[in-house]
Amino acid sequence: MALQSHFSDSYTIEAGCDEAGRGCLAGPLFAAAVILPFDYFNEQLNDSKQLSCTQRETLREIIMKDAIAYSVVSISEVVIDEINILNASFRGMNSAVKELNIKPELLLIDGNRFKNETEFPFHCIVQGDAQYMSIAAASILAKTFRDDLMKQLDVEFPVYGWKHNKGYPTSAHKEALLQYGRSPYHRKTFQVKGQLKLAF
């Protein structure tokens, strides 16, 4: 099913907002906000999780070229540990919106909760990245920018396989944690399910 180009019936400057890395054991959370032209349509746009790496990379360039405005920010693992991952996702999306060089009139937030720290009204949409183009675009930017960073960090700490798992809790990643312990980029407040005693 094709995604919808806009939420409002009449012309409104809408910023789609999403994050990537919320379920990871390591690395920062990335958040993005994207304003697309009203009635914008690209049949390839979809939830980033439904796309291949090549498709996401191709669409990132298209989004950055076609968007009226976009911004991408990261929230470090240190901050995630301090304020928890939910508040980190709120902070990330708020920061991304504030960094837009065009003021939106409505925020479309992927998910069912948001703590708004901007002057703009918002609407939460569960699985919004599979329904609205601007949210899907934000999900692609957040995901690809975060993946690029995790590939860079993999060079520094190759034992965890971040080039492949991007910090998510795969079996190989969890086994490496048990064998080598935590890196400086691992989130101290995230535990490995079913783990043996791990020195966090």
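The structure contained in this document is the topic of the report that follows. Counting of residues starts from 1 at the beginning of each chain's written sequence and follows it residue by residue. Totals for whole chains, interfaces and linings use every residue, but because this is a predicted model, local features are given only for residues with pLDDT of at least 70 and side-chain atom pairs only at 80 or more, for both listing and counting. Hydrogens and water are ignored here; the side-chain numbers use all heavy atoms of the structure.

## Some thoughts on the sheet that holds strand E5 (residues 122-125)
Strands pair, by our definition, only if DSSP identifies at least two bridges between them. Secondary structure elements follow DSSP: runs of H or I no shorter than four residues count as helices, runs of E no shorter than two count as strands, and numbering proceeds from the N terminus. Taking strand neighbours across the sheet as the criterion, the five strands line up as E3-E2-E1-E4-E5 in an open arrangement whose pairing is mixed. Pairing within the sheet leaves two strands with one partner each, and these edge strands are strand E3 (69-75) and E5. Within this sheet the neighbouring strands show an average axis-to-axis angle of 20°, counted without direction. Sheet topology note: the strand E4 (residues 106-110)/E5 ladder contains four bridges and is parallel. Paired with Asp110 across the bridge in E5 is Ile125. Against the sheet, helix H4 (residues 133-156) contacts strand E1 (14-20), strand E2 (29-35), E3, E4 and E5, and its axis sits at roughly 35° relative to E1. For helices, the fitted line uses only the C-alpha atoms of the stretch in contact; every axis is such a line through C-alpha atoms, and the angle between N-to-C directions lies from 0 to 180 degrees. A contact between two residues is defined here by any heavy atoms of the two lying within 4.5 Å.

## As for the pattern of salt bridges
Salt-bridge detection follows one rule: a side-chain nitrogen of Lys or Arg within 4 Å of a carboxyl oxygen of Asp or Glu. Evaluation of the coordinates by the stated rule reveals nine salt bridges. Close ionic contact of Arg60 with Glu57 constitutes a salt bridge, the shortest N to O distance being 3.1 Å. Taken as a pair, Arg60 and Glu57 lie in helix H1 (residues 53-66) at a separation of three residues, close to a single helical turn. Whether a residue is buried, partly exposed or exposed follows from its accessible area with a 1.4 Å probe, protein chains only, as a fraction of its type maximum: under 20%, in between, or over 50%, in that order. Relative accessible area serves as the criterion here: at 10%, Arg60 is assigned to the buried category. Across the pair Glu119 and Lys103 runs a salt bridge, and its minimum N-O distance is 3.6 Å. Placement of Glu119 in the loop between E4 and E5 and of Lys103 in the loop between helix H3 (85-98) and E4 is noted, with a sequence separation of 16 residues between them.

## Section: the layout of surface pockets
Put simply, the grid is 1 Å and covers the protein atoms alone, a cavity is a trapped set of points that fit a 1.4 Å probe, a pocket is an open set with protein on both sides within 12 Å along at least five of seven lines, and lining residues have an atom within 4 Å of a point. Grid points are joined across faces, edges and corners, and a volume is the space filled by probe spheres set on the points. Put simply, the largest pocket is a space of about 400 Å³. What lines the largest pocket is a set of 22 residues, and nearest its centre among them are Asp18, Glu19, Arg22, Lys49 and Asp110. Sorting the residues of the lining of the largest pocket by element identifies E1, H3 and H4 as the ones contributing at least two each. Ranked by residue count, the leading element in the lining of the largest pocket is H3, at four residues.

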